[in-house]
Amino acid sequence: RKVHMAGLSVLQLFLLVAFKRVEGRAGGVANFESAMAEYASLQLTHGAACAPYARAAALRAYEALHAAELLGWAPMHGGGRGAGRPLREYRAAQLLVAEEELREAMRVNKRAPALLRQWLEREAVAVAQGAGDEADRAGSSRA
């Protein structure tokens, strides 16, 4: 997998970090649309520092991540009458890359912008703070 990670495009790295961020809030499941919405929020807050990518290019990058087995389809739940397979953009997917692998990919990718590294680090800090907040709440409820 290391070979795959070293050769990722900046767009693919943005998608992986967006997936990581969405999964952190949504309990481990995201899709192309939710990852693109996360990326759009980054564009809104950072403007010109965050390159806009065409949806078609992002979808191709998303498909390449699946082909490289860095993203995988989440098990389908539910069903019933009329329930077919959702379009790939809406189908639940899972990140198959550990956070450390993602950090390493950004470290070796000379084109990865500092903004992307910061975006991943902010997510890691937010998750750690959330875990600390939960521990604080649990401790105070026992007191």
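Each residue is numbered by its place in its chain's sequence as written, counting from 1. Totals for whole chains, interfaces and linings use every residue, but because this is a predicted model, local features are given only for residues with pLDDT of at least 70 and side-chain atom pairs only at 80 or more, for both listing and counting. Hydrogens and waters are ignored; side-chain quantities use all the structure's heavy atoms.

> What should I look at first to understand the packing of aromatic side chains in this one?
How two aromatic rings sit relative to each other is set out by the distance from centre to centre and by the angle between their planes. Centres within 6.5 Å are what make two rings of Phe, Tyr or Trp a pair, Trp counting through its six-membered ring; a difference in plane orientation under 30 degrees is then read as stacked, over 60 as edge-to-face, and the rest as tilted. A full pass over the atoms with the stated rule returns seven aromatic pairs. Consider the rings of F14 and Y39, whose centres lie 5.0 Å apart with planes at 65°: the pair is edge-to-face. Taken as a pair, F14 in helix α2 (residues 10–26) and Y39 in helix α3 (residues 32–46) lie far apart in primary sequence, 25 residues in all. Accessibility assignment for this pair places F14 and Y39 in one class, buried. Centroid distance F14 to Y53: 6.4 Å. Interplanar angle 55°. Geometry classified as tilted. Linking F14 in helix α2 with Y53 in the loop between α3 and α4 (55–67), this pair joins segments that are 39 residues apart in sequence. Working definition: with a 1.4 Å probe on protein chains only, accessible area under 20% of the residue-type maximum means buried, over 50% means exposed, and in between means partly exposed. For F14, a relative accessible area of 4% puts it in the buried group. Its relative accessible area of 29% is what places Y53 among the partly exposed residues. Every helix listed is a DSSP run of H or I at least four residues long, and every strand listed is a run of E at least two residues long, numbered separately from the N terminus.

> Mind showing me how you'd approach unusual backbone geometry here?
The phi torsion of most residues other than glycine is negative, and most of the peptide bonds are trans. Phi at E69 is positive, roughly 60°, even though this residue is not glycine. For E69, the position within the fold is in the loop between α4 and β1 (71–73). According to the relative accessible area criterion, E69 is exposed, its value standing at 57%.

> What's the story with α4 in this structure? I'm lost.
Because the α-helix completes a turn every 3.6 residues, residues three or four places apart line up on one side. Expected span, for any helix, means 1.5 Å times one less than how many residues it has. The first and last C-alpha atoms of α4 sit 18 Å apart over 13 residues, in line with the 18 Å expected at 1.5 Å per residue. Of the residues making up α4, those classed as buried are A58, L59, A61, Y62, L65 and H66. For α4, the buried positions fall inside an angular range of 160° around the axis, keeping them on one side. The exposed set on the far side of α4, more than 90 degrees from its buried face, consists of R60 and A67. Contacts are assigned to residue pairs with any non-hydrogen atoms lying within 4.5 Å of each other. Next to the buried residues of α4 lie α2, α3, β1 and β2 (93–95). For this quantity, the arc is that covered by the directions from the helix axis to the C-beta atoms.

> I keep staring at the packing of α2 against helix α5 (residues 99–108) and nothing clicks. Help me out?
Any two packed helices are characterised by how steeply their axes cross, that is the angle between the axes, and by the distance between the axes. Simply put, an axis is a line fit to the C-alpha atoms, just over the touching stretch for a helix, and the angle between two N-to-C directions goes from 0 to 180 degrees. Here α2 crosses α5 at 155°, and the two axes come no closer than 11 Å. Compared by their axis directions, α2 and α5 come out roughly antiparallel. Classified by chirality, the crossing of α5 by α2 is left-handed. On the side of α2, the interface is formed by L13, L16, V17 and K20, while α5 contributes E99, L102, A105 and M106. In this count, Pro and Cys sit with the nonpolar residues alongside Ala, Val, Leu, Ile, Met, Phe, Trp and Tyr, while Asp, Glu, Lys and Arg are called charged and the others, Gly among them, polar. Across the contact of α2 with α5, the residue classes break down as six nonpolar, no polar and two charged. Note that the term roughly parallel is reserved for angles under 35 degrees, roughly antiparallel for angles over 145, roughly perpendicular for angles of 65 to 115, and oblique for everything else. Handedness of a crossing is defined here by the sense of rotation of the near helix relative to the far one, left-handed for an anticlockwise turn of less than a right angle and right-handed for a clockwise turn.

> Looking at this structure, how should I read the pattern of salt bridges?
Two side chains that carry opposite charge are able to pair once their charged atoms sit near each other. Salt bridges are defined by distance alone: a side-chain nitrogen of Lys or Arg within 4 Å of a carboxyl oxygen of Asp or Glu. Applying the stated criterion to the full structure yields ten salt bridges. A salt bridge links R25 to E38; the nearest nitrogen and oxygen atoms lie 2.3 Å apart. Of the two residues, R25 is situated in helix α2 and E38 in helix α3; the sequence distance between them amounts to 13 residues. For R25, a relative accessible area of 54% corresponds to the exposed category.

> What exactly am I supposed to notice about the environment of L13 here?
You can see L13 is positioned in helix α2. Residues L13 and L116 lie 103 residues apart in sequence; the distance between their C-alpha atoms is 8.0 Å. Sequence-distant contacts of L13, that is, excluding residues within four places in its chain, are made with L8, L102, A105, M106, N109, A112 and L116.

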